[in-house]
Each structure stands twice: as structure tokens, then as C-alpha cells.
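Fold and geometry: a report
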Amino acid sequence: MLSSVRITLRKIACLSGLLLFCGLLLQGQDFSNKGKEFWLGYGNHQEMYNTNRQGMTVYITSDVNTSATVSIAGINFNSTVQVTAFQITAVDIPNSAILNSEGKSNLGIHVTAEKPVVVYAHIFYASVSGATLCLPVATLGREYYSVNFTQLAQPGVSATSYSYFFVTATEDNTSVEITPAASTQMGRPAGVPFTTVLNKGEVYQVLAATDLTGSVIKSVNTGAGCKRIAVFCGSGRLGIGCGNSNAAVTSSDNLFQQMYPLSTWGRKYITTP
């Protein structure tokens, strides 16, 4: 059964080595998961509506010694850390950075480093846990599709569990066209595009009580060219493969995943169990 990532400290260490290895392999190609600048956000989690008990940690690793800074302009958060080669450096993100409502906020999480690093992020509460690899700005694109799942969670948590996606701007005056695949929490109808303008570090989140898979998020040209954007999607909490109704779901997790831009899609893939 598919589920979101459940990470222990030992697994984090293994994952760090794997992600760093992937970055080294990709270094000579057109794009890589190693970089000096990243934009992400504190994705939705069902526990943020229940006395704000969830947490988020950003993990940074590299094959060289360097320094990195994690900042969030909207809450005046700034943390500079030293990254030791082949070790993990963890930065805890304040709960005041959570994306718990639909609409625009100035809560983009900015990660910069003096030398290339690999970044991934983990949102959790107890065993309700999800993580994602983060993509550097150089690999970002201008058009994305949201990939979610049937929005089902067990009784008691389903009322505050949402399908979501959010977009973060990497430059000022970024015009973003969003076409949600389902009616949103704010009442935006399915299939009807709308446009929002974001400045650097601003985030626009969409929430829905049903599956948002197939929603289109793209940067559009308003005279200054299309600008790179970062897109994440997932669910505040859901059970995959546990039944066809909320009552049938007995276990659930949050989902949190950065999307790859349409420009990176291909025609041949290899999968592993």
C-alpha cells in the first residue's frame, strides 16, 4: 500500500547519502537537485488545525563544507548554519510559517548556500509524517500539474483534512494562472482559471475537500516574460488504499511533495518497489 514517507533519524542519514549521490550523478547534466538557492513552503498538515502540534524541519547536506541560510521574510526568521561535508544539518521551521488557509501569504521559505547543497523537508506529527526532496531554482520551470489522491481520512480528522497545492514565486511581479481541478475552499469553481500576482517569496495556496489532481499552475507572460515558480502539492492527511469512504479509513498520513515542471517530463521511466 502506498503511504507518505515515515522517517526516523537512521532513515534520514541513509536518505541524505542517497540524495547527495543523486546530486553528484546529475552534476554534469542540464539540471541537478544540488544548488545554491531553493524556495519551499510549510505545507498543510491536519494537525495544524488541532492546537498546532505539527512540526517542520529542513535538512541540508553537501559533499563539501559550506554555510547555508534559511529565511522567511513574512515572520522575520533567519538562521545561518554550518554544513559539514557528508553530514546532515537540520533547521527547525517555526510553526508561525504554516500554510493553513487558502490564498496569498508572505511565507515562502528561502534556502541559500555559499556552495551547492542538497535540501529536503519533513513535515510531521508523531507517526503522521511526509517528506520531499527540494529542487533548486535553476531546475524550476513555468508550468506544473498538481498530483494528489482521493481525499479520504478517518472519522475525527476528515473535517480538517484538505487536498492542497501551493506555488512560490522566485521573482517579483510573477503572474501565475491557476486552474483548479476541484472546487476550492474559497469557492473558486473547478476548471475555471484565475490569475494572481506574486512577489519574490510570496506563496499562493489552494485547498479543497476533494482531489485536486490535474490542477494546472503556470507562470504567464505579462510583458516581462514567464518567471520560474516552485510548486508543491499533497494532502493535510489521507489514507491511500484503505477504503472508499471516510468511515473505512483507519490510518492516514499527510502528503508533501515538490512537483517537477512539465519541461522535465519524458516518455520512458524506470520504477522500483
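So, here's what we can say about the structure. (Residues numbered from 1 in each chain as written. Predicted model: local features only at pLDDT ≥ 70, side-chain atom pairs only at ≥ 80, totals over all residues. Heavy atoms only, no water.)

**Thoughts on the pairing of strand E11 (residues 174-179)**
Selection criterion: Whether a residue is buried, partly exposed or exposed follows from its accessible area with a 1.4 Å probe, protein chains only, as a fraction of its type maximum: under 20%, in between, or over 50%, in that order. Strands here mean DSSP runs of E at least two residues long; helices mean DSSP runs of H or I at least four residues long; both are numbered from the N terminus. Only strands that DSSP links by at least two bridges are regarded as paired with each other.
Along E11, 5 of the 6 residues are buried, which leaves the element largely enclosed by surrounding structure. Bridge count between E11 and strand E12 (residues 194-198): 5 bridges; the pairing is antiparallel. Each bridged residue has a counterpart across the sheet, and for Thr174 the counterpart in E12 is Leu198. Across 5 bridges, the pairing between E11 and strand E14 (residues 216-220) is antiparallel. The residue bridging Glu177 from the neighbouring strand is Lys218, located in E14.

**Some points on the packing of aromatic side chains**
Each pair of aromatic rings is reported with the distance of its centres and the angle of its planes. What counts is decided by this rule: Two aromatic rings, drawn from Phe, Tyr or Trp (for Trp, its six-membered ring), form a pair once their centres lie within 6.5 Å of each other, and the interplanar angle then sorts them: stacked below 30 degrees, edge-to-face above 60, tilted otherwise. Geometrically, a lysine NZ or arginine CZ counts as sitting over a ring once it is within 6 Å of the ring centre and also within 35 degrees of the ring normal.
Under the criterion given, the structure shown has 7 aromatic pairs. Look at Tyr49 and Tyr162: their rings are 5.7 Å apart centre to centre, the planes differ by 75°, and that puts the pair in the edge-to-face class. Residue Tyr49 is located in the loop between strand E1 (34-40) and strand E2 (55-61), and its partner Tyr162 is located in the loop between strand E9 (143-145) and strand E10 (163-169); the two are separated by 113 residues in the primary sequence. The exposure class assigned to Tyr49 is partly exposed, which follows from its relative accessible area of 29%. For the ring pair Tyr164 and Phe166, a centre distance of 6.2 Å and an interplane angle of 10° mean the geometry is stacked. With respect to burial, Tyr164 and Phe166 carry one shared label: buried. Taken together, the ring pairs connect Tyr164, Phe166, Phe232 and Phe256 into an aromatic cluster. Residue placement shows Arg188 over the ring face of Phe194; its charged tip is 3.8 Å from the ring centre.

**What to know about the sheet that holds strand E6 (residues 103-105)**
Heads up, the condition is: For every element, the axis is a line fit to its C-alpha atoms; helices are fit only across the contacting stretch, and the angle between N-to-C directions ranges from 0 to 180 degrees.
One open sheet holds the 5 strands; their spatial order is E6-E13-E10-E15-E16, and the pairing between them is antiparallel. Only two strands of the sheet have a single partner each, and these edge strands are E6 and strand E16 (253-258). Sheet twist, expressed as the average angle between the axes of neighbouring strands with direction ignored, equals 20°.

**Remarks on unusual backbone geometry**
Unlike most non-glycine residues, Asn52 shows phi in positive territory, near 55°. Along the chain, the position of Asn52 falls in the loop between E1 and E2. For Asn76, which is not glycine, the phi torsion reads 55° and is therefore positive. For Asn76, the position within the fold is in the loop between strand E3 (66-72) and strand E4 (77-83).

**Examining the nonpolar core**
Quick reminder of the rule: By nonpolar core we mean a set of buried residues, namely Ala, Val, Leu, Ile, Met, Phe, Trp, Tyr and Cys, connected to one another through side-chain atoms within 4.5 Å. Note on contacts: a residue pair is in contact if any heavy atoms of the two residues lie within 4.5 Å.
Counting residues in each nonpolar core, the largest one holds 57 residues, and the members touching the most others are Leu40, Met56 and Ile60. Excluding its chain neighbours within four sequence positions, the residues that come into contact with Met56 are Leu40, Gly41, Tyr42, Val91, Asp92, Ile93, Ile109, Ala121, His122, Ile123, Phe124 and Phe256.

**A few points about the side chain of Gln205**
Selection criterion: Counted as a polar contact is a pair of N or O atoms within 3.5 Å, where, for protein atoms, one must be capable of donating a hydrogen and the other of accepting one, and residues adjacent in sequence contribute only when both atoms are in side chains.
By secondary structure assignment, the location of Gln205 is in strand E13 (residues 203-208). Among the polar contacts made by the side chain of Gln205, one reaches the main-chain carbonyl oxygen of Leu99 at a distance of 3.0 Å. With near-sequence residues (within four places) excluded, Gln205 lies in contact with Asn44, Leu99, Asn100, Ser101, Glu102, Gly103, Tyr164, Phe165 and Phe166.

**So, the pattern of salt bridges**
Two side chains bearing opposite charge may form a pair once their charged atoms approach each other closely. The condition that has to hold: The salt bridge definition used is simple: a Lys or Arg side-chain nitrogen within 4 Å of an Asp or Glu carboxyl oxygen.
Tallied over the entire structure, the rule returns 4 salt bridges. Among the ionic pairs, Glu47 bridges to Arg53, the shortest N-O distance being 2.7 Å. As a salt-bridge pair, Glu177 and Lys218 come within 3.7 Å of each other at their nearest N and O atoms. Taken together, the residues Glu177 in strand E11 and Lys218 in strand E14 connect sequence positions 41 residues apart.

**Description of the pairing of E16**
The element E16 is extensively covered by neighbouring structure, given that 5 of its 6 residues are classed as buried. Sheet analysis places strand E15 (residues 229-238) next to E16, joined by 5 bridges and oriented antiparallel. Counterpart to Cys233 in the pairing with E16 is Gln257.

Nothing here speaks to function; it is geometry throughout.
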